[in-house]
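Listed below, chain by chain, are the residues.
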Amino acid sequence: MAISDSPEILGSTATVTSSSHSDSDLNLLSIRRRTSTTAAGRAPDRDDSGNGEAVDDRDQVESANLMSNVAENANEMPNSSDTRFTYRPRVPAHRRIKESPLSSGAIFKQSHAGLFNLCIVVLVAVNSRLIIENLMKYGWLIRSGFWFSSRSLSDWPLFMCCLTLPIFPLAAFVVEKLVQRNYISEPVVVFLHAIISTTAVLYPVIVNLRCDSAFLSGVALMLFACIVWLKLVSYAHTNNDMRALAKSAEKGDVDPSYDVSFKSLAYFMVAPTLCYQQSYPRTPAVRKSWVVRQFIKLIVFTGLMGFIIEQYINPIVQNSQHPLKGNLLYAIERVLKLSVPNLYVWLCMFYCFFHLWLNILAELLRFGDREFYKDWWNAKTVEEYWRMWNMPVHKWMVRHIYFPCLRNGIPKGVAIVIAFLVSAVFHELCIAVPCHIFKLWAFIGIMFQVPLVLITNYLQDKFRSSMVGNMIFWFIFSILGQPMCVLLYYHDLMNRKGKAD
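The model shown is predicted, which means the values in this text are computed figures rather than measured ones.

Participant: Lay out the confidence of the model for the protein chain with the relevant residues and their values.
Facilitator: Predicted confidence across the protein chain gives a mean pLDDT of 77, with 75% of residues reaching 70 or more. Low pLDDT (under 50) marks residues 1–56, which in the prediction has 31 contacts with non-local residues, meaning those over four places away or in another chain. Ignoring residues within four places in sequence, the model shows residues 70–78, a span with pLDDT below 50, making 17 contacts including any to other chains.

Here it is in structure tokens:
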């Protein structure tokens with residue numbers, strides 16, 4: 001560590017040094033005199049009362065205190081006023097057992113912000129070179145037909161279907177009002193809610209299958225329909241539970257208030273949550289400038305996602321064979337080549353929807369609970385990933401499927417399988433219906449998560465290492481699974497269009 005010792009600094013601080021350390025100079029002088037006197041063979045002076053030993057003890061204590069003060073200040077940055085007494089050669093430079101920052105015992109106790117910044121810089125530099133090289137070699141490959149074809153503007157049935165979906169929450173509200181006034185019985189309520197929620201999904205499916213619409217339009221409609229279905233189930237289930245609590249004789253400390261409010265239903269249908277409750281935590285105000293910044297980020301990352309799909313993923317998929325029918329080594333090469341751009345698109349999709357869009361919606365509605373995801377990137381098992389990456393769906397599953405199954409005597413393992421089964425059905429609807437292909441690839445992929453949960457849990461218990469479990473998760477889920485699904489659906493879609501032509 002460099003110490004400034006220019007003549008100007010030393011000269012300007014000489015007075016301060018002599019004044020602030022006069023006591024220390026006297027102490028050092030007395031210690032040196034006693035040391036030299038002892039070395040010359042003369043006995044230390046004794047006072048008349050015979051307390052010479054006590055004087056020696058005091059001298060030793062003072063000497064020890066001075067040395068400890070010097071040692072404590074040895075590692076501090078010296079200023080011009082204490083340079084005479086710090087960093088002396090006699091002060092030890094090594095006083096504790098320490099490990100290197102990158103050793104296995106200390107690596108996770110350090111901050112790696114600098115290395116993270118380095119990785120970002122290298123990632124941007126490498127991918128920028130690859131983008132320039134791709135544009136020079138293949139040119140501009142982006143086409144609008146994949147996203148919005150000439151028939152997209154004529155997809156009015158899908159648009160009208162989206163506009164009519166709010167009819168189903170209104171019907172559910174009417175049912176709850178009728179049962180609140182004791183006009184209908186409880187079994188009739190359950191039957192009517194089942195009809196309403198089922199129709200809310202089947203109606204968009206039928207419209208999608210009857211119209212040969214653009215892929216993006218079909219996916220948007222099915223996502224909207226699935227969200228409406230999940231909200232309707234939560235609305236009916238929660239109101240049923242509140243009615244049962246209000247009628248129960250043993251209420252305890254729980255508030256049994258049961259009120260059917262159209263305002264609470266309307267807020268719930270547009271809020272970024274799938275679990276109904278009569279009130280939500282709210283923020284005090286809307287940060288308009290913050291919303292504008294998030295919208296700009298949303299536009300930028302959506303454009304980046306479209307660029308990667310058109311410029312990288314589409315050419316790779318078009319030059320591939322069906323992964324289950326062609327050469328095995330060639331299929332593996334295509335899957336690995338597709339894995340990197342597919343991972344980028346998936347991360348952009350997650351950031352755009354779960355972070356940007358849901359936070360924008362929550363800010364505009366002053367919705368307070370914004371835990372839309374947890375640190376799923378640190379997941380050590382597949383089970384941890386599914387519990388952390390989509391918190392609205394996870395809370396819905398736990399509240400309306402998993403614990404109701406346990407309360408009805410269903411074993412824990414069976415309840416988990418039922419939750420994955422519901423998830424698999426809706427994944428298949430959101431992908432297969434817009435593609436007009438029912439090969440059950442998405443359904444099989446989600447149900448395959450059940451044995452993966454058991455395998456990754458076993459490996460985690462065996463290796464007892466978070467790094468091993470996290471690497472296995474990333475390889476299975478992002479490097480192998482998703483690219484395989486993309487290839488399967490693409491080739492089945494191309495085969496269907498070829499037969500239609």
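Participant: Pulling in residues and values, what's your account of helix H6 (residues 156–164)?
Facilitator: Those residues of H6 that sit buried are Pro157, Leu158 and Cys161. Down the axis of H6, the buried set is contained in an arc of 100 degrees. They therefore lie on one face. Residues of H6 that are exposed and point over 90 degrees away from its buried face: Trp156, Phe159 and Leu163.

Participant: Could you give an account of the pattern of salt bridges, with specific residues and numbers?
Facilitator: Oppositely charged side chains may form a pair once their charged atoms are brought near each other. This structure, assessed with the given rule, holds seven salt bridges. For Glu363, the salt bridge identified is with Arg287, shortest N-O distance 3.1 Å. Here the residue Glu363 occupies a position in helix H12 (residues 328–365), and Arg287 occupies one in the loop between helix H10 (262–270) and helix H11 (288–318), the gap between them amounting to 76 residues. Notably, a salt bridge pairs Asp369 with Lys395, separated by 3.3 Å at the nearest N-O pair. Of the two residues, Asp369 sits in the loop between H12 and helix H13 (382–388) while Lys395 sits in helix H14 (residues 391–407), which places them 26 residues apart along the sequence.

Participant: I'd love a proper account of the UniProt feature "active site" (unreviewed entry) in the protein chain, names of residues and values included.
Facilitator: According to UniProt, the positions carrying the feature "active site" (unreviewed entry) are His427. Structurally, His427 can be placed in helix H15 (residues 412–435). His427 gets classed as partly exposed once you look at its relative accessible area, which sits at 31%. Apart from the residues within four sequence positions on either side, His427 is in contact with Ala442 and Ile446. Among the polar contacts made by the side chain of His427, one reaches the main-chain carbonyl oxygen of Ser423 at a distance of 2.8 Å.

Participant: Requested: an account of the nonpolar core, with residues and values cited.
Facilitator: The biggest cluster of nonpolar side chains holds 48 residues, and the ones touching the most others in it are Tyr235, Trp376, Tyr385, Trp386 and Trp389. In terms of residues, this core owes the most to one element, H12, which gives eight residues. Ignoring anything within four residues of it in the chain, the contact list for Trp376 reads Trp346, Leu347, Phe350, Tyr385, Met388, Trp389, Phe473 and Trp474. Grouped together as the second largest cluster of nonpolar side chains are 19 residues, Val201, Val205, Tyr402 and Cys405 included.

Participant: Please provide a residue-by-residue account of the layout of surface pockets, values included.
Facilitator: In this model, the second largest pocket occupies a volume close to 1900 Å³. Taken together, 42 residues line the second largest pocket, and the ones lying closest to its centre are Leu123, Asn127, Val340, Tyr344 and Leu347. Within the residue set of the lining of the second largest pocket, elements represented by two or more residues are helix H5 (113–138), H11, H12 and helix H18 (466–500). Looking at the lining of the second largest pocket, the element that brings in the most residues is H5, giving 14 residues. Considered class by class, the residues forming the lining of the second largest pocket number 31 nonpolar, seven polar and four charged. Looking at the lining of the second largest pocket, you find at least three residues from each of domain 2 (281–372) and domain 3 (374–500).

Participant: Go over the side chain of Arg243 with me, naming the residues and quoting the values.
Facilitator: Mapped onto the elements of the fold, Arg243 is located in helix H9 (residues 215–247). The buried category is assigned to Arg243, whose relative accessible area is 5%. Within polar-contact distance, the side chain of Arg243 engages the side chain of Glu186 at 2.6 Å. Setting aside chain neighbours within four positions, we find Arg243 in contact with Glu176, Val179, Glu186, Val189 and Tyr258.

Participant: For the environment of His491, give the residues involved together with the corresponding values.
Facilitator: Position of His491 among the secondary structure elements: in helix H18. Residue classification places His491 among the buried positions, given a relative accessible area of 11%. Spatially, the C-alpha atom of His491 lies 8.4 Å from that of Val317, the residues being 174 residues apart in sequence.

Participant: With reference to specific residues and values, describe the packing of helix H7 (residues 167–180) against H9.
Facilitator: Following both chains from N to C, one finds H7 and H9 inclined at 10 degrees, their axes separated by 10 Å at the closest point. Overall, the two elements H7 and H9 adopt an arrangement that is roughly parallel. Every residue of H9 that contacts H7 at Phe168, Pro169, Ala172, Phe173, Glu176 and Val179 is listed here: Leu232, Tyr235, Ala236, Asn239 and Arg243. Among the residues making up the contact of H7 with H9, the classes are represented as eight nonpolar, one polar and two charged.

Participant: Describe in detail the side chain of Asn359, supporting the description with residues and values.
Facilitator: Here Asn359 is to be found in helix H12. Asn359 gets classed as buried once you look at its relative accessible area, which sits at 10%. A polar contact is formed between the side chain of Asn359 and the backbone oxygen of His355, at a distance of 2.6 Å.

What counts, and where the lines are drawn
- Residues numbered from 1 in each chain as written.
- Predicted model: local features only at pLDDT ≥ 70, side-chain atom pairs only at ≥ 80, totals over all residues.
- Heavy atoms only, no water.
- pLDDT = per-residue confidence, 0-100.
- Contact = heavy atoms within 4.5 Å.
- Buried < 20%, exposed > 50% of the residue type's maximum accessible area, 1.4 Å probe, protein only.
- Helix = DSSP H or I, 4+ residues; strand = E, 2+ residues; numbered from the N terminus.
- Arc of directions from axis to C-beta.
- Salt bridge = Lys/Arg side-chain N within 4 Å of Asp/Glu carboxyl O.
- UniProt positions renumbered as here; feature names shortened; annotations may be inferred.
- Polar contact = N/O pair within 3.5 Å; in protein donor to acceptor, adjacent residues only side chain to side chain.
- Core = buried A, V, L, I, M, F, W, Y, C linked by side-chain atoms within 4.5 Å.
- 1 Å grid on protein atoms, 1.4 Å probe; cavity = no way out; pocket = protein on both sides within 12 Å on 5 of 7 lines; lining within 4 Å.
- Points joined across faces, edges and corners; volume = space filled by probe spheres on them.
- Nonpolar A, V, L, I, M, F, W, Y, C, P; charged D, E, K, R; others polar.
- Domains from an automatic or database assignment.
- Axes fitted to C-alpha atoms, helices over the stretch in contact; angles between N-to-C directions.
- Parallel < 35°, antiparallel > 145°, perpendicular 65-115°, else oblique.

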